[in-house]
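Each chain is listed here by its residues.
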Amino acid sequence: MTTSPRDNNSLRRQINITTELPHQTEYTLALNGEYSHVAFDEMRAPLNKGKWRSDVFKADATLPMDLEVGTGNGTHFAHYAQKHPSRLVVGLELKYKPLIQTIRRALNANCTNAAVARFHAFNVEELFNEGEIDNVFIHFPDPWTSPKKPKNRVVCKRNLDILHRLQKPGSIIEFKTDSLVYFEWAMEEIQQSQYKILFETKDLHNSPIKDENFETAFEKIFLREGIKINFVRLQKV
């Protein structure tokens, strides 16, 4: 596997370099071709640090810019971008097909406020300056439930500390998961963070905020199977 030499920090997560893959697919080609103006691979994305508003979105510096970590196939991402045209939104996704599905879905909805990047969430501080982003959405990340895997969970004290630096005061984080094991573990991490807990529930669809919730593709599957959705909303104060 080819890895990026840019950072020797052992905590940095290494991923394949798209342009060095021996076999290109329609999705890797689209990332650096058809959608390259709004979709960035792991080498181009960091070049936007501090310049997402000006260079990517060509937008006013005062517009809020939100982040979705792990877009999946982009149902929430496109819905959010379309519903909030006065907010900019950047999506992170590692897998090529969902990444392209995400930006394609947003563009098909005529969203001009959406961009995506193939980037590891653990390396997010390479993409944004302190105070550059507003709200953050983390929906159904891999729960990594085997005993040796919690170190891979994106909602953890380390990543919360990083996001806290990158977010503007008053911004929120929303985290949803079908895994009760992950949620209870994450809540212990959250309790050690600088965030204020605004709302939490282990049964989102029977909670006071159920009507404001947008059901993601994963969420619909879990609900059909009778699985309760865990949810927490945090705020940087």
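Everything below is about the structure printed above this text.
Below: a short report on this structure. Here the structure is a predicted model, which is why all the values come from computation and not from measurement. (Residues numbered from 1 in each chain as written. Predicted model: local features only at pLDDT ≥ 70, side-chain atom pairs only at ≥ 80, totals over all residues. Heavy atoms only, no water.)

### Notes on the pairing of strand 5 (residues 136-139)
Here's step 1: Burial along strand 5 is two-sided: the residues Val136 and Ile138 and Phe137 and His139 are all buried.
Here's step 2: Here strand 2 (residues 65-69) runs beside strand 5; their pairing, made up of three bridges, is parallel. Bridge pairing links glutamate 68 to phenylalanine 137 in strand 5.
Here's step 3: Of the pairings in the sheet, the one linking strand 5 to strand 6 (residues 172-177) comprises four bridges and is parallel in character. Residue pairing in the sheet places phenylalanine 137 in a bridge with glutamate 174 of strand 6. (Buried < 20%, exposed > 50% of the residue type's maximum accessible area, 1.4 Å probe, protein only. Helix = DSSP H or I, 4+ residues; strand = E, 2+ residues; numbered from the N terminus. Pairing = 2+ DSSP bridges.)

### Things to note about the nonpolar core
Here's step 1: In terms of nonpolar packing, the biggest core is built from 37 residues, with Trp52, Leu67, Phe128, Ile138 and Leu163 touching the most fellow members.
Here's step 2: Examining the composition of this core, we find that five residues originate from one element, helix 6 (residues 180-191), more than from any other.
Here's step 3: Among the nonpolar cores identified, the runner-up in size contains 20 residues, and Tyr27, Ala30, Tyr80 and Leu99 belong to it. (Core = buried A, V, L, I, M, F, W, Y, C linked by side-chain atoms within 4.5 Å.)

### Focus on the sheet that holds strand 7 (residues 196-201)
Here's step 1: Strand order in the open sheet formed by eight strands is 1-4-3-2-5-6-8-7, and the pairing between neighbours is mixed. Looking at which strands have only one partner, the edges of the open sheet turn out to be strand 1 (39-40) and strand 7.
Here's step 2: Running over the sheet, helix 3 (residues 75-83) touches strand 2, strand 3 (88-92), strand 4 (114-117) and strand 5 and is turned about 170 degrees from strand 3. (Contact = heavy atoms within 4.5 Å. Axes fitted to C-alpha atoms, helices over the stretch in contact; angles between N-to-C directions.)

### Thoughts on the side chain of glutamate 42
Here's step 1: Inspection of the secondary structure puts glutamate 42 in the loop between strand 1 and helix 2 (52-56).
Here's step 2: Within polar-contact distance, the side chain of glutamate 42 engages the backbone nitrogen of threonine 18 at 2.6 Å.
Here's step 3: At a separation of 2.7 Å, a polar atom in the side chain of glutamate 42 contacts the side chain of arginine 118. (Polar contact = N/O pair within 3.5 Å; in protein donor to acceptor, adjacent residues only side chain to side chain.)

### Quick notes on the side chain of glutamate 189
Here's step 1: Note on placement: glutamate 189 falls in helix 6.
Here's step 2: Buried charge glutamate 189 goes without a salt bridge, the closest partner of opposite sign being lysine 157 at 7.7 Å.
Here's step 3: Engagement of the side chain of glutamate 189 in a polar contact is seen with the backbone nitrogen of lysine 157, the distance being 2.8 Å.
Here's step 4: Not counting the four nearest positions on each side in its chain, glutamate 189 is found in contact with Cys156, Lys157 and Leu160. (Lys, Arg positive; Asp, Glu negative; His and termini not counted. Salt bridge = Lys/Arg side-chain N within 4 Å of Asp/Glu carboxyl O.)

### Here's the deal with the environment of aspartate 134
Here's step 1: Considering the arrangement of structural elements, one finds aspartate 134 in the loop between strand 4 and strand 5.
Here's step 2: Residue aspartate 134 is classed as buried on the basis of its relative accessible area, which comes to 10%.
Here's step 3: Taking the C-alpha atoms as reference, aspartate 134 lies 9.7 Å from leucine 63; in sequence the two are 71 residues apart.
Here's step 4: Ignoring any residue separated from it by four or fewer positions in sequence, one finds aspartate 134 in contact with Arg53, Pro64, Met65, Asp66, Arg87, Gln167, Lys168, Ser171 and Ile172.
Here's step 5: A distance of 3.4 Å separates polar atoms of two side chains, one belonging to aspartate 134 and the other to arginine 53.

### A look at the packing of helix 3 against helix 4 (residues 96-108)
Here's step 1: Axis separation between helix 3 and helix 4 bottoms out at 8 Å; the angle between their running directions is 30 degrees. Taken together, helix 3 and helix 4 sit at an angle that is classed as roughly parallel. Of the two possible hands of crossing, helix 3 and helix 4 adopt the one that is right-handed. Along the contact surface, helix 3 presents Thr75, Phe77 and Ala78, while helix 4 presents Thr102, Arg105 and Ala106.
Here's step 2: Among the residues making up the contact of helix 3 with helix 4, the classes are represented as three nonpolar, two polar and one charged. (Parallel < 35°, antiparallel > 145°, perpendicular 65-115°, else oblique. Left-handed = near helix turned anticlockwise from the far one by under 90°. Nonpolar A, V, L, I, M, F, W, Y, C, P; charged D, E, K, R; others polar.)

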